[in-house]
Amino acid sequence: MILTALNDYYQRLAAQQQVPQPGFSAENISFALVFSAAGEPLQIDDLRIQDDKGKFRPRPLYVPVDKRRTSGIHAYVGWDKTAYALGVTAGDGKRLADEHEAFKQRQRNLFADSDDPELRAFLALLDAWQPPRFHTLPGYHEDLLDKNLVFRLDGKQHFVHEHPPMRASWNETFTVQDSDHGPCLVTGEHAPLGLDHPAIRNVNGAQSSGASLISFNAGAYESYGHKGQANASISKQAIFGYSTALNHLLRRDNDNHQRLTIGDATVVFWAQAADTSRAEAAEMFFKALNEPPTDAQEAARLGSALAQVANGTALSETDLGLAGDTQFFVLGLAPNAARLSVRFWCVNTLEQLTRHFARHRQDLMLDPLPWKGALPPIWRLLYAVAPSREGRAKAEDIPPHLAGEIARAIFTGQRYPQSLLSNLVMRFRNDGDISGIRIALCKAVLTRNTRLAAGQQSSIEEIPVSLDPHSTHPGYLLGRLFAELENAQARAVPNTNATIADRYYGAASATPASVFPLLLRNVKNHLAKLRKGNEKDQAIAGAISRSIREIVDGLDERLPKSLKIEDQGRFAIGYYHQTQARFNKKKQGENTETPEDQGDAQ
C-alpha cells in the first residue's frame, strides 16, 4: 500500500516535470570539466550555488543512475566523482586506478560505435586524459577533489549527459538490461523485476548516505529460494517510482512544505485529487494543521473551521474552500541502523482527517486556552511529555515511540496511548510543572477514553473544560481541595521555601488517605493566622474556609486509600481548574493575583 501510493504520486510529479525520468536521479554536482572538440581539457566550471549564509553548495542535476553504489566498483555514465571520472582523489587511492579504468570502460562500451561528434570528443578526452593535468587546469582548487562532476563540450549550453544522442543510448541500455520478468507487487503488471532499491535520504537520524526502506540482509528473511532483494517482487519502474517520490518528499529545500518532524520521526504527506490545485491546497491545509498559523486572522479562520467541522459541518461547506473527498496519505519514518522503520502510515479522506484534528482540538480544550492560535502544534505537545527543568524541556528527552503513538492517535482518531497519561502523571509528581499544555493533554486522554467508552458505560462523568463546582468525582474534588490548601498556605506564609505542592503533591494524588488528614489539620493554623491579620486577610480566610467546606462536603467520609492512574489525572485537572478559577476572580475585583504567582499556566 505504501509503495503503491508513492508510485502513484510519482506519476503526478513526473507529469509536472518535478522529478527525473526512469534511469536518472537528482545528484549533487559541484563542477563541470569543459573540453574541446579535439578532446583537449580546457577549464573547470564551478557549478555550486551560494546559499543565504554565503556557503557554496552543490547544484542538483538529473544524471544517469542505474543502481546504488555499495562497496564494489561501479561507474556511472557521463558523470561521477573525481576518483572515477578523472583518477584523482584526496585520499590514499588504493582502488584509484581500477575505479578510473572502470569509468572509461563503461563510456567506451556505450558510445564506442557512435558517430555523434560530441560523444566522439568525449571519448577522445577520456583516452588522452592524464590525471596530473587536473591540478593545472584553470578553475582548479582542492575543494573539488572527490566531488561529483559532469562534462561539457566547449561552445555548448548543455552537459554531455543531457545530449540527446547520449540520453537515447542510455535509455535503450537501461531498458534492456538483463533482469527476470515477473508480476510486480506494486503495479500488478508483468514487467522486468528490479533488485537494487535506491537509498532513501534525508530521514532525520539516519545515515547521511541514505538508508533502505526495503532490504533482506539475512537468510532468515528469505523465502522460496529467493536471495536478497529478489524476495520483493517489484518491477524496476515501480522501484524507481516509489524511491524517487519519497526522496522528493524528504528533500530539505526551503520550499518543501510536505515534510514535518514529529519526535524522532520524519513525516511526509501528500494528497491525491482530481486536479493538482486541489491536491496542493489539501497539502498546504495539512501543513497548517500541524504548524498552525501565528497570524491572528488566519488562526481565527482555521479555529472557526475546525469548530464547525467538530459540530458536524462538512469541510466543503466551510470558508476554507477544500474538497473533503481528497485522498490523503501520511507516512512517518524513523531511523533503524542502515534501514528505516515505518513509525506510522495513515490513509484517509481529507474530510475524515480534518474531523480527527477537530476532535483532537476539542479534546484538548480548556478555558482559558493555554496556547495561542487555533490549536497547539504537535511538537509543543511532545515537549510537554519530556522532563521539565526550570520550565524547559529538551527534544532528546521526548520518548520516541510515544511521539509516534500520539501522532497516530491524532491522525486516526483512535485512543491516545495509555502510556501518555502515565507519563504525564509521573511528570506532575517528579518536576512539579503542572502547566496548561500538560493538563490539556491529560484532559484529552481522559475525554477520548470517556467518549469511546460511553456506549458501554453511559454513567461515566465527562471531563469539564473549566471549573465544575458540581462534579462529584473524588479525584477531581481532591485536586480542587489540594489547590485550596496550597492557597491557604501561600496566603499565610507568602515566601515559604517549599509549598505543600512541592512536598506533598505526589503522595496526595496517589494515596490521599495518608496525606490529606495532615494537610487539613495544618490548614487550620494557616487560616487562624489569616484571621488575625487585617480586614483583607480575614476576608480571604473566610473565602478559603467556605471553599474547603464545600469541597469536603462532596467527598465521602472516608478518603480513598489510593487513586488509580485515571483518577490521578482528574486530580491534576481539578487542581488546575481550581487554581485558574482563583486567577479569574481578579476580573471581578476580588483578587489581584496573576497566573505567574501560582505556577505556569502556559
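We now turn to the structure provided with this report. Given the structure is predicted, the values throughout are model-derived calculations rather than measurements.

Moving on, we come to the overall build of the protein chain. Secondary structure summary: the protein chain contains 19 helices and 14 strands in total. The C-alpha radius of gyration computed for the protein chain amounts to 32 Å, which surpasses the reference 25 Å derived for 602 residues by more than 25%, pointing to a less compact arrangement than a globule. The principal-axis extents of the C-alpha atoms in the protein chain amount to approximately 105 × 50 × 50 Å. For the protein chain, buried positions account for 49% of its 602 residues. For the protein chain, restricting intrachain contacts to residue pairs at least 6 apart in sequence, the fraction spanning at least 24 positions comes to 67%. Accessible surface computed for the protein chain: about 28,900 Å², of which carbon and sulfur atoms make up 47%.

Looking at where D45 falls in the secondary structure, it is placed in strand β3 (residues 41–46). Note on D45: relative accessible area 18%, which makes it buried. Only 2.7 Å separates the side chain of D45 from the side chain of Q43, close enough to count as a polar contact. The residues contacting D45, other than those within four sequence positions of it, are S30, F31, A32, V34 and R152.

Tallying each qualifying case throughout the model produces 26 aromatic pairs. With 5.6 Å between their ring centres and 50° between their planes, F286 and F411 make a pair best called tilted. Highlighted residues: F286 in helix α7 (residues 276–290) and F411 in helix α11 (residues 400–412), separated in sequence by 125 residues. Taken individually, F286 and F411 each receive the classification buried, so the pair is uniform in this respect. An angle of 80° between the planes, with centres 6.2 Å apart, marks the rings of F482 and F516 as edge-to-face. Of this pair, F482 sits in helix α14 (residues 474–492) while F516 sits in helix α16 (residues 512–531), placing them 34 residues apart in sequence. The exposure class of F482 is buried, given its relative accessible area of 0%. Relative accessible area serves as the criterion here: at 0%, F516 is assigned to the buried category.

This part is about helix α4 (residues 117–128). With twelve residues, α4 should cover 16 Å at 1.5 Å per step; its first-to-last C-alpha distance of 16 Å lies within 8% of that length. By the burial criterion, the buried members of α4 are E118, L119, A121, F122, L123, L125 and L126. Between the side-chain oxygen at the start of α4 and the backbone nitrogen of E118 there is a gap of 3.1 Å, and the oxygen is on D116.

We now examine the sheet that holds strand β11 (residues 259–262). Spatially, β11-β12-β13-β14 is the arrangement adopted by the four strands of the open sheet, whose pairing is antiparallel. Edge positions in the open sheet fall to β11 and β14 (339–349), since each of these has one partner strand only. Taken over all neighbouring pairs, the strand axes of this sheet differ in orientation by 25° on average, direction set aside. Where strand β13 (residues 327–336) lies against β14, ten bridges are found, and the strand directions are antiparallel. Residue pairing across strands places F328 opposite N348, the latter belonging to β14. Across the sheet, helix α9 (residues 350–364) lies against β13 and β14, angled at about 105° from β14, the strand it touches most.

This part covers the sheet that holds strand β7 (residues 79–81). Strand order in the open sheet formed by four strands is β3-β2-β8-β7, with mixed pairing between adjacent strands. Both edges of this open sheet fall to β3 and β7, since each of them pairs with a single strand only. Geometrically, the sheet is characterised by an average inter-axis angle of 30° between neighbouring strands, direction not taken into account. Seen against the sheet, α4 touches β2 (31–35), β3 and β8 (148–153) and runs at an angle of roughly 100° to β2.

What follows covers the environment of G188. Within the secondary structure, G188 is located in the loop between β9 (181–183) and β10 (190–192). The exposure class assigned to G188 is exposed, which follows from its relative accessible area of 61%. Between the C-alpha atoms of G188 and S235, which are 47 residues apart in sequence, the distance is 9.4 Å.

Pairs can form between side chains of opposite charge whenever their charged atoms are close. Evaluation of the coordinates by the stated rule reveals 25 salt bridges. Notably, a salt bridge pairs K287 with E291, separated by 3.5 Å at the nearest N-O pair. Close ionic contact of R389 with D397 constitutes a salt bridge, the shortest N to O distance being 2.8 Å. For R389, a relative accessible area of 47% translates into the label partly exposed. Given a relative accessible area of 25%, D397 falls into the partly exposed group. Each of E101, K104, R108 and D127 takes part in salt bridges that share partners, so that together they form one network.

Thresholds applied
- Residues numbered from 1 in each chain as written.
- Predicted model: local features only at pLDDT ≥ 70, side-chain atom pairs only at ≥ 80, totals over all residues.
- Heavy atoms only, no water.
- Helix = DSSP H or I, 4+ residues; strand = E, 2+ residues; numbered from the N terminus.
- Rg over C-alpha atoms; globule rule 2.2 N^0.38 Å.
- Buried < 20%, exposed > 50% of the residue type's maximum accessible area, 1.4 Å probe, protein only.
- Contact = heavy atoms within 4.5 Å.
- Areas by Shrake-Rupley, 256 points an atom, 1.4 Å probe, with all protein chains shown as cover.
- Polar contact = N/O pair within 3.5 Å; in protein donor to acceptor, adjacent residues only side chain to side chain.
- Phe/Tyr/Trp six-rings, centres within 6.5 Å; stacked < 30°, edge-to-face > 60°.
- Expected span 1.5 Å × (residues − 1).
- Pairing = 2+ DSSP bridges.
- Axes fitted to C-alpha atoms, helices over the stretch in contact; angles between N-to-C directions.
- Salt bridge = Lys/Arg side-chain N within 4 Å of Asp/Glu carboxyl O.

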